[in-house]
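For reference, the chains in residue letters:
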Amino acid sequence: LNVHSDDHHAFSFSPVTLQKLPHLSEYLEDPQYAGPNPLDSNPFFHPSDGFYMNSSDVVLRHIVSRLSPSGTLDSPSHHLAYIRAGPRKNIFFDPTATRAAIVTCGGLCPGMNTVLRELVVGLWDLYGVRQIYGIKAGYRGFYSTPPVELSPKMVHNWHMRGGTVLGTSRGGFDLTKIVDGIQNHGFDQVYIIGGDGTMRGAIKIFEEIRRRKLRVGVTGIPKTVDNDVGIIDRSFGFQTAVEMAQQAIHAAHVEAESAVNGIGLVKLMGRNTGHITLHATLSSRDVDCCLIPETGFYLEGKGGLFEFLEQRLKERGHAVVVIAEGAGQDLIPRTKSQEEERDDSGNRVFLDVGAWLKSELKKWWDRDHPQELFTVKYIDPTYMIRAVAANATDNLYCTLVAHSAIHGVMAGYTGFVTGPINGNHAYIPLIDVAQTKNEVNVKDHKWEWVRSVTNQPDFLKP
Ligand code: ATP
Ligand code: MG
């Protein structure tokens, strides 16, 4: 493949590595395709050839690179390709016989209901599936509660609602019972919406289904408001969260500005990654210091947070600090029981870094400036943000991702995840997604850009 760069030197790519997807035909003894896509015979929508994806259509993972003087791109990892998402001309499942199951697991995230709605509407309207079931309250619903029959009429306004109408939960992952449940209910398509833990569970379900040689397609739709899933550009709910975070930052700014030596402190979601905090900082423009889990920080001494805030208060009379929930966890003293505390899914419980920082700020000021007024207003908008319905951008994302997932499963792909890579939706093996994380690269231009905007210290101890 020859491509012309700006200055018209031809350069060539080395071979592309295709990230192959599991397909039901690989392990089924009788891998029969059902026939042409029913959209072909839709009386109103006459799909043009451009509507369908070719099985050779791919999306390239890395599009930013550095050319060597000889005009080649250096790292082989720059040439990973994923199968492009979208409808196929031939489908594997007979929609009139298909029984689809949809489940939501983990914490809330704006857009879960939109994905649910679009899975139901897409299966029903695009493919004519009539047996669509919701699994209640997470993975345990496969074996503990009867599934709920879903129809477009029932879900028509779900995209306007926050939360998940199906309910969600942590824990309750019993592989044998779940796959038995899938078999007993006769489900042949399973749509799993959830975070990193849910995706690790989805891999196990897919592998068990393959071991049992069942004609069941499994797909995961990553739900993470923190945007910590690797490979894909972003996950749904993220944009809504950033937008809502603005309101909290704005309120903190107003409080800080109206006080004498006022500090507005906002804690935002982000257990392992600071994407929400970073994007909210860049878009709000009122933030003086942005603290994320990917970089450490310290309070006392030269280049520390107190020194920086002291200067800001002297110059401007107020300051706004935004911190991700996972930042500074190693600075907070933990009791033995806090050290061992786990949630129902076995995740380590995070301590409230905002409450801790507020108290440390007060102690510092009282010690160093006992005669001067000082106020810290701490806002934690987490549950408010998680509970809202998705905004327009996220609703569009949810619709696309749900329809792409349906097209992929209908085509016979299994054990995969759908998401945008460089703006184009692609199918990615579940295992690849579960193994990669999307962290803020603090050595990259973007983080330095944040620091250039806030002018905050790098917190590298001298
Ligand atoms: P989030 O952290 O964004 O709220 P999550 O999907 O990571 O979402 P968890 O509570 O960790 O949330 O997991 C959701 C479900 O996945 C639970 O039912 C849990 O039991 C199951 N699960 C988590 N980790 C695994 C794993 N390694 N293997 C199998 N199941 C898992
Ligand atoms: Mg998780």
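See above for the structure.
Residues numbered from 1 in each chain as written. Chains lettered and ligands numbered in written order. Predicted model: local features only at pLDDT ≥ 70, side-chain atom pairs only at ≥ 80, totals over all residues. Heavy atoms only, no water.

Asks: Would you explain the site of ligand 1 in this entry?
Replies: Around ligand 1, the surrounding shell holds 17 residues, and the nearest of these are Gly107, Gly171, Asp196, Thr198 and Ser345. The contact in question runs from an oxygen atom of ligand 1 to an N or O atom on the side chain of asparagine 347, over 3.0 Å. For ligand 1, whose accessible area on its own is 620 Å², the fraction buried by protein is 86%. (Near = heavy atom within 4 Å. Polar contact = N/O pair within 3.5 Å; in protein donor to acceptor, adjacent residues only side chain to side chain. Areas by Shrake-Rupley, 256 points an atom, 1.4 Å probe, with all protein chains shown as cover.)

Asks: Can you walk me through the packing of helix H8 (residues 305-316) against helix H10 (residues 353-368) in this structure?
Replies: When two helices pack together, their arrangement is given by the angle between the helix axes and by the axis-to-axis distance. Contact pair H8 / H10: the axes reach a minimum separation of 12 Å and the direction vectors enclose 70 degrees. Overall, the two elements H8 and H10 adopt an arrangement that is roughly perpendicular. Judged by the twist between their axes, the crossing of H8 over H10 is right-handed. Between H8 and H10, the residues in contact are Leu305, Phe306, Leu309, Glu310 and Leu313 and Leu357, Glu360, Leu361, Trp364 and Trp365, respectively. For the contact of H8 with H10, a count of residues per class yields eight nonpolar, no polar and two charged. (Axes fitted to C-alpha atoms, helices over the stretch in contact; angles between N-to-C directions. Helix = DSSP H or I, 4+ residues; strand = E, 2+ residues; numbered from the N terminus. Parallel < 35°, antiparallel > 145°, perpendicular 65-115°, else oblique. Left-handed = near helix turned anticlockwise from the far one by under 90°. Contact = heavy atoms within 4.5 Å. Nonpolar A, V, L, I, M, F, W, Y, C, P; charged D, E, K, R; others polar.)

Asks: Can you help me understand the environment of valine 433 in this one?
Replies: Within the element layout of this structure, valine 433 appears in helix H13 (residues 430-435). C-alpha separation for the pair valine 433 and aspartate 30, spaced 403 residues apart in sequence, amounts to 29 Å. Apart from the residues within four sequence positions on either side, valine 433 is in contact with Val229, Ile231, Val417 and Ile428.

Asks: Help me out: how do you make sense of a nonpolar patch on the surface in this one?
Replies: The grouping of Val16, Leu18, Val58, Leu60, Ile63 and Val64 at the surface amounts to a nonpolar patch, some 520 Å² of accessible area in total. Tracing the backbone through its elements, the reader meets leucine 18 in strand E3 (residues 17-19). (Patch = residues over 30% accessible without salt bridge, like charges linked within 9 Å, V, L, I, M, F, W, Y side chains within 5 Å. Salt bridge = Lys/Arg side-chain N within 4 Å of Asp/Glu carboxyl O.)

Asks: Is there a simple way to explain the side chain of aspartate 288 in this structure?
Replies: Note that aspartate 288 resides in the loop between helix H7 (275-284) and strand E14 (289-291). Residue class for aspartate 288 comes out buried when judged on its relative accessible area of 4%. Within the structure, aspartate 288 has its side chain in polar contact with the side chain of arginine 312 (distance 2.9 Å). Side-chain polar atoms of aspartate 288 contact the side chain of arginine 316, separated by 3.3 Å. (Buried < 20%, exposed > 50% of the residue type's maximum accessible area, 1.4 Å probe, protein only.)

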